[in-house]
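# Structure assessment
Take a look at the letters that make up each chain.
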Amino acid sequence: MGRSFEVRKASMAKTQGAKVKLYSKYGKEIYVIAKNGGGDPDSNLSLKRMIEKAKKDQVPGHVIDKAIEKAAGGGGENYEVARYEGFGPGGCSVIVDCLTDNNNRTYMEVRQCFVKTNSKIGGPGTVAHMFDHQAVFQFAGDDEEAVLEALMMADADVTDIECEDGVITVFAPHTEFFKVKSALTESMPEVTIDVEEITFVPQTMTAVSGDDVATFEKFMDMLNDCDDVQNVYHNAEVEA
């Protein structure tokens, strides 16, 4: 049904450095969400979603608690959201989301990732129109009609449902995240939701092949090494 969705689940951190990076990323995001919307997950649904996501990625409870306590203290850093767009190796479309306390530093670091891989960074809106901002849920199953019926009964707005190789993927407007999640968990309590996130889903894919594959991997590694980078979205379909 329409486009397919490639799950890009970060693999388990293999080094202490990778774990520190992961914990820092979640700590910063939880801090910002708690500071802006309050530290109570029951009243701050964005915080609740982020805590659940952090726990799925095995972020320790003390890292989560420390970030919330820091936000409640009222002091600390003032992070801002920064988004950069452009074209990566092979002409793929790329969106880079950051949290920063120094826009100039972050821009220069992200720009270098583009420059050193012969990619092109653009202005706001350069490629965002090529993506849909959506809530995505994925779990084992093969009866997409039953899933659709359950969501319709809950009056949840759904964009698309796919079933492939025993895996069901539900796409919905990002504003419907909690409504769809509640409908799924209440109608199918026995199902474990493997992926539940708000992300940018590409409308079309761009094949990346040949020499561009190694360059693309270098590009992604450089971006992920930047402390201020939180998420990278792209439409690259890397050929083996």
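Residues numbered from 1 in each chain as written. Predicted model: local features only at pLDDT ≥ 70, side-chain atom pairs only at ≥ 80, totals over all residues. Heavy atoms only, no water.

Attention now goes to unusual backbone geometry. One non-glycine residue, Asp155, lies in positive phi territory at about 60°. Among the structural elements, Asp155 can be located in the loop between helix H5 (144-153) and strand S5 (160-164). With relative accessibility at 57%, the residue Asp155 sits in the exposed group. A positive phi angle is found at Asp165, which is not glycine, with a value near 55°. On the secondary structure map, Asp165 appears in the loop between S5 and strand S6 (167-173). (Helix = DSSP H or I, 4+ residues; strand = E, 2+ residues; numbered from the N terminus. Buried < 20%, exposed > 50% of the residue type's maximum accessible area, 1.4 Å probe, protein only.)

With the rule as written, the count across this model stands at six aromatic pairs. On the numbers, 5.0 Å between centres and 75° between planes, the contact of Phe114 with Phe219 is edge-to-face. One end of the pair, Phe114, is in helix H4 (residues 103-115); the other, Phe219, is in helix H7 (residues 211-225), and 105 residues separate them in sequence. Pair check on accessibility: Phe114 and Phe219 agree, each one buried. With 5.0 Å between their ring centres and 80° between their planes, Phe177 and Phe178 make a pair best called edge-to-face. Members of the aromatic cluster, connected to one another through ring pairs, are Phe137, Phe177 and Phe178. The residue whose ring lies beneath Arg49 is Phe177, and the NZ or CZ to ring-centre distance is 5.5 Å. Just above the ring of Tyr31 sits the side chain of Lys70; from NZ or CZ to the centre is 5.2 Å. (Phe/Tyr/Trp six-rings, centres within 6.5 Å; stacked < 30°, edge-to-face > 60°. Lys NZ or Arg CZ within 6 Å of the ring centre and 35° of its normal.)

Glancing now at the side chain of Glu29. Mapped onto the elements of the fold, Glu29 is located in helix H1 (residues 16-37). For the buried residue Glu29, which engages in no salt bridge, the nearest side chain bearing the opposite charge is Arg49, 5.5 Å off. Apart from the residues lying within four places of it in its own chain, the contact partners of Glu29 are Met50, Leu99, Gln230 and Asn231. (Lys, Arg positive; Asp, Glu negative; His and termini not counted. Salt bridge = Lys/Arg side-chain N within 4 Å of Asp/Glu carboxyl O. Contact = heavy atoms within 4.5 Å.)

This part covers a negative patch on the surface. Side chains of Glu109, Glu217, Asp221, Asp225 and Asp227 sit close together on the surface and give a patch of like negative charge. The greatest single-element share of the negative patch, amounting to three residues, is contributed by H7. Mapped onto the elements, Asp225 comes out in helix H7. Residue classification places Asp225 among the exposed residues on the basis of a relative accessible area of 62%. (Patch = residues over 30% accessible without salt bridge, like charges linked within 9 Å, V, L, I, M, F, W, Y side chains within 5 Å. Areas by Shrake-Rupley, 256 points an atom, 1.4 Å probe, with all protein chains shown as cover. Charge placed at Lys NZ, Arg CZ, Asp CG, Glu CD.)

This paragraph deals with the packing of helix H2 (residues 45-56) against helix H6 (residues 177-187). Axis angle and axis distance: for two packed helices, these are the angle between their axes and the distance between the axes, and together they describe the pair. Relative orientation of the contacting elements H2 and H6 amounts to 55°, with a least axis distance of 11 Å. The angle between H2 and H6 falls in the class oblique. In terms of crossing hand, the pair formed by H2 and H6 is left-handed. Taken together, the residues of H6 that come into contact with H2 (itself represented by Leu45, Ser46, Arg49 and Glu52) are Phe177, Phe178 and Lys181. In the contact of H2 with H6, the residues fall into three nonpolar, one polar and three charged. (Axes fitted to C-alpha atoms, helices over the stretch in contact; angles between N-to-C directions. Parallel < 35°, antiparallel > 145°, perpendicular 65-115°, else oblique. Left-handed = near helix turned anticlockwise from the far one by under 90°. Nonpolar A, V, L, I, M, F, W, Y, C, P; charged D, E, K, R; others polar.)

Once that is clear, we can look at the nonpolar core. Core analysis: the biggest nonpolar cluster contains 19 residues, and Val96, Cys98, Val110, Phe219, Leu223, Val229 and Val232 have the highest contact counts within it. Looking at this core, the elements that each hand over two or more residues are strand S1 (80-87), strand S2 (93-100), H4, H7 and strand S9 (229-234). Here this core gets five residues from one element, more than from any other, and that element is H7. Discounting residues that sit within four places of it in the chain, Val110 has contacts with Tyr84, Val96, Cys98, Ile121, Leu223 and Val229. (Core = buried A, V, L, I, M, F, W, Y, C linked by side-chain atoms within 4.5 Å.)

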